[in-house]
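Examining the three-dimensional arrangement
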Amino acid sequence: MSSNSHSGKEIYQVLYLNHQHYAVPVQSIISVLALEKILSLPDTPNWLTGVVHVRNAIVPVVNLSFIFEVDSLADESRHPLLVLLRHPHDSQRWLALCVTDITQLIDTEQLAETGLRSSPHPCVKHVVDIDSQPLYLLDISKLFEQLMKDQG
Amino acid sequence: MNPSLSSATAAFHQEALQTLQQIEDWTLSSIQNPSASMDQQAETFRLLHSLKGTAASFGNESIAQICHAIENVLADKTQLNTQGSEALLMAIDYCRHILSNSPLSPEQHDDQRDECIARLNMLVKQDLNSANQTQLRELSGSVWQIDFAPHAQFFENGHDPLRIIRSLRNFGPIKVSVFTEKLPEFADFDPFQCYLRWQITLKAELDYYQLAAQFEWVKHICDVTIDILALPQKKRVIEPNRYKLNEANLEALLTVSQTIQSQLQQAVALTNQLNQTDKIRLSRRNQAMKRQQQFLQQQLLHIAMCPLADAFARLPRMAFDLASKTAKPVQLNMDLAPIELDSFIVNSLIDPLTHLLRNAMAHGIEAAEHRQQQGKPLTGQIHISAEQAEDQLIIRFSDDGAGLAEDKILAKAKQMGINIKDLSDKPNISEWIFRAGFSTSQSADAISGRGVGLDVVKQHVTDMGGDIELVSNQGRGCCFIIKIPVLRSLMDVQLIRINDQTLALPLIHLIDSYLWDNARVIWLNGKQWFITDENQQVPLIDISRFLQLPYIERNEQSAHIVLVNVDKRFFAFSVDSLADQMQLLIKSLRPHYHHINGIKGIAILPEGDLALLLEPSKLLMAYEMDGGN
């Protein structure tokens, strides 16, 4: 589903975490917040940092570095922002990504010029190289699926 | 085909609201244009009478009583004064509240109804020549103003104004003002005449008659006016809620409140960058704002939540009435968790619970002679329990009555064209009775009609996102199990600290706690530690391992052992320290994440930090599954 379907163009926000660049559709972003105090949960996968209380909801915080198995920095001050995302098809379901920084906005037309590659990772729609650095275009639905996969 | 009870009730509500609107229109027009309204009075009277009858047939006695009281008012009056119009409008608002399922407790409902009826009855009794006095005689007050002006000859029969004033002081604190404007010049002064008058303010909850009685013997030789300055607290007129505050508004306000809390917390970190003086100043402001935010949060939660017990409050009285009507003695036992839930859930439970009780009394509990023949105790038993387990409210509603008549249900299912694959398929039998129009009753009865209520019960539960199932044992009784997702609740908890993390333990499970170094015997059996509590061996569980908390060296001075009860099974665990006991807002991990075993939910601490709320039953289960290690 396009996040900007009327023009056929999808706008992505680039996120920076642990020397990696990721991109999420801007329409999935509810807000960008300063990092809240995270409560760790027992018996959960390592990529689930914990939960935070934002906008009157208990929201899981996901560390993409663990999902993509990039060596993660334990120090939370290195990723002081939370990007609050909503499920593309269920606005009542949210998750938060902890990131170091948010950088530029890019659109799919720009990306198409650069050349999109597919990725073996289920949470990634495409990979594109920007300035010789890979940029992972995240599949938000799959990210939410990942979250509910480990039902206890 | 009979319409379902829900659609019939909805139609009644709609018609009743329309009728109330018409009566209100007439009431308002009678103030504006008395002569024109007289023509419509007969029609209003007819509407009222019709509403009274319909309300009574739908079991809504309160509306029927109000309509009756209004009828009495209109029978005596062709024109309403302001006081009469206010009383009518108040009564109409009350009826609307009932029809819109207002979040009032049954006691508040009763108080409001009684207040409305009292005001309407007062109008009927009102004597136009002494309207104010009649009104007072009907009322009680908590603050009174008494103007006491003895006639000049007051002393002639030995009466003493001071004695009367002192007698008022026996009721409560008084403030007395004396007025001397009639006091003559000294030369004209007659010591046998009374020239003074008094105004007394009395603060006491009492009836008008009690007060008037103090002047009974002197009323012919004085002028007394008694006015109420304040009504008693419990009888004070509750203004109908005329403000618009729906669920979405409330959620928005709670979100704002939580966001303020979060931003205040973040502001604390920024103060570290300031110089010492500014830091202190800003910290003070921050603390003040935090207190205001916490107050705001409390007020909003007070609106949003209400005790779970409110949903069950009317059942004991109803069971009593139904037992009298059906001549089936019954004992109602209720075991309700002391929690508060969303008002929406609590209010939505009232109807299905009422249906289930009516159903149990009409079709479940047998007549005393039947029970005797079957060797059952004469008094039927109905047990209702409600508890929060994980993130669900679980209500068990059971009776020791006849259970489901399976043969009749199968026959009815065939009659309705339901495909019966296996006649002994019991789960299906239990499901069929929740279908609309499924009733095995041969005739309607006054208590539960034709038994059409169970599909309504299921609909109510489904509307709350929940589920209902029925377990029946023919001849032994049946049990309805209702499960409703709970996204937030208010719960009394004991806060504990383990490995530098704050955790919340539901207070209902806490039995005792003792200092770690209290010379209590702690002993090892195999790999498991035990303690001895009142000659019982109680396992000492390492919950920090279960919760995967990072190890931090313990301060033995503050360490405690906490003794916990789960359905009369005890276990203990050690904590680094005990913190406060308080009522906290508990939130579910759903819908954003799934439930985690052993964690009942997330507790929101007053400062906005989060804590895991432990689920002791699951901790014990995990310990047992781990072979007691």
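Attention here is on the structure that accompanies the text. This one's a predicted model, so the numbers in the text were calculated from it and none came from an experiment.

1. Here we look at the overall build of chain A
Secondary structure summary: chain A contains three helices and 11 strands in total. Starting at the N terminus and walking to the C terminus, you meet the elements of chain A as β-β-β-β-β-α-β-β-β-α-β-β-β-α. Burial status across chain A gives 49% buried among its 152 residues. At a minimum sequence separation of 6, the contacts of chain A that also span at least 24 residues come to 54%. Summing over all exposed atoms, chain A offers an accessible surface of approximately 7,200 Å²; the carbon and sulfur share of this is 47%.

2. Considerations on the overall build of chain B
Across its full length, chain B carries 18 helices and 22 strands. Taken over 629 residues, chain B has a buried fraction of 44%. Considering only residue pairs separated by 6 or more positions, chain B has 69% of its internal contacts joining residues 24 or more positions apart. When the accessible surface of chain B is summed, it comes to about 33,200 Å², and 51% of that surface belongs to carbon and sulfur atoms.

3. Brief notes about the packing of helix H11 (residues 315–326) of chain B against helix H12 (residues 343–364) of chain B
All names here are of chain B. Relative orientation of the contacting elements H11 and H12 amounts to 25°, with a least axis distance of 10 Å. Here H11 lies roughly parallel to H12, going by the angle between them. Between H11 and H12 the crossing geometry is right-handed. Along its contact with H11, which presents Leu-315, Met-318, Ala-319, Leu-322, Ala-323 and Thr-326, the element H12 presents Leu-353, Thr-354, Leu-357, Arg-358 and Met-361.

4. As for helix H7 (residues 161–169) of chain B
All names here are of chain B. Taken residue by residue, H7 has Pro-161, Ile-164, Ile-165, Ser-167 and Leu-168 as its buried positions. One side of H7 holds all its buried residues, which, seen down the axis, span an arc of 155°. Among the structural elements, strand E1 (140–150), strand E2 (174–179), strand E3 (197–207) and helix H8 (208–213) are those in contact with the buried residues of H7. By the N-cap criterion, in which a side-chain oxygen at the helix start approaches the backbone nitrogen of a residue two or three places on, H7 is capped by Asp-160, the distance to Leu-162 being 3.0 Å.

5. Notes on the environment of A:Ser28
Residue and element names in this part refer to chain A. Looking at the element boundaries, Ser-28 is found in the loop between strand E2 (20–25) and strand E3 (29–34). Judged by relative accessible area, which is 7%, Ser-28 ranks as buried. For the pair formed by Ser-28 and Leu-85, sequence separation is 57 residues and the distance between their alpha carbons is 5.3 Å. In this structure, Ser-28 is in contact with Leu-84, Leu-85, Arg-86 and Ile-140, ignoring residues within four places of it in sequence.

6. A word on the sheet that holds strand E4 (residues 48–54) of chain A
All names here are of chain A. Spatial strand order, E3-E6-E7-E5-E4: five strands in an open sheet with mixed pairing. Single-partner strands in this sheet number two, and they are E3 and E4. The sheet shows a mean angle of 30° between the axes of neighbouring strands, direction not considered. The pairing of E4 with strand E5 (residues 57–62) spans six bridges and is classified as antiparallel.

7. What to know about the packing of helix H9 (residues 247–271) of chain B against helix H10 (residues 276–304) of chain B
Residue and element names in this part refer to chain B. It is at 10 Å that the axes of H9 and H10 come closest, and there the two elements cross at 160°. When the axis of H9 is compared with that of H10, the two are roughly antiparallel. In this structure, H9 meets H10 at a crossing whose hand is left-handed. Contact residues: Leu-250, Leu-253, Leu-254, Ser-257, Gln-258, Ile-260, Gln-261, Leu-264, Ala-267, Val-268 and Thr-271 in H9; Lys-279, Leu-282, Asn-286, Met-289, Lys-290, Gln-293, Leu-296, Gln-297, Leu-300, Leu-301, Ile-303 and Ala-304 in H10.

8. With respect to helix H18 (residues 616–625) of chain B
Within H18(B) the residues assigned to the buried category are B:Pro616, B:Lys618, B:Leu619, B:Leu620 and B:Tyr623. In the segment just after H18(B), B:Gly627 is the residue with positive phi, at about 75°.

9. Some points on the pattern of salt bridges
Residues and elements named next belong to chain B. Applying the stated criterion across every chain, the model contains 21 salt bridges over all chains. A salt bridge links Asp-110 to Arg-113; its shortest N-O distance comes to 3.6 Å. Here the residue Asp-110 and the residue Arg-113 both occupy positions in helix H5 (residues 106–125), the gap between them amounting to three residues, near one helical turn. For Asp-110, a relative accessible area of 33% gives the class partly exposed. The salt bridge involving Glu-387 is made with Arg-396; its shortest N-O contact spans 3.4 Å. What makes Arg-396 partly exposed here is its relative accessible area of 34%. Salt bridges here are not isolated pairs; linked through shared partners, they connect Glu-366, Arg-371, Lys-376 and Asp-400.

10. What about the interface of chain A and chain B?
Between chain A and chain B, the residue contacts involve 29 residues of the former and 28 residues of the latter. In total, chain A and chain B occlude about 2,400 Å² of area from one another, counting both sides; carbon and sulfur atoms represent 58% of this. Broken down residue by residue, the surface that chain A buries against chain B is led by A:His53, A:Asn56 and A:Ile58, which jointly contribute 29%. Remark: the boundary between chain A and chain B carries one salt bridge. In this structure, B:Asp609 and A:Lys37 form a salt bridge, with 3.4 Å as the shortest nitrogen-oxygen distance. Linking chain A with chain B are nine residue pairs in polar contact (both at pLDDT 80 or more). If you list the elements that add at least two residues to the side of chain A that touches chain B, you get E4, E5 and helix H3 (140–149) of chain A.

Calculation criteria
Residues numbered from 1 in each chain as written. Chains lettered and ligands numbered in written order. Predicted model: local features only at pLDDT ≥ 70, side-chain atom pairs only at ≥ 80, totals over all residues. Heavy atoms only, no water. Helix = DSSP H or I, 4+ residues; strand = E, 2+ residues; numbered from the N terminus. Buried < 20%, exposed > 50% of the residue type's maximum accessible area, 1.4 Å probe, protein only. Contact = heavy atoms within 4.5 Å. Areas by Shrake-Rupley, 256 points an atom, 1.4 Å probe, with all protein chains shown as cover. Axes fitted to C-alpha atoms, helices over the stretch in contact; angles between N-to-C directions. Parallel < 35°, antiparallel > 145°, perpendicular 65-115°, else oblique. Left-handed = near helix turned anticlockwise from the far one by under 90°. Arc of directions from axis to C-beta. Polar contact = N/O pair within 3.5 Å; in protein donor to acceptor, adjacent residues only side chain to side chain. Pairing = 2+ DSSP bridges. Salt bridge = Lys/Arg side-chain N within 4 Å of Asp/Glu carboxyl O. Buried area = accessible area lost by both parts, 1.4 Å probe.

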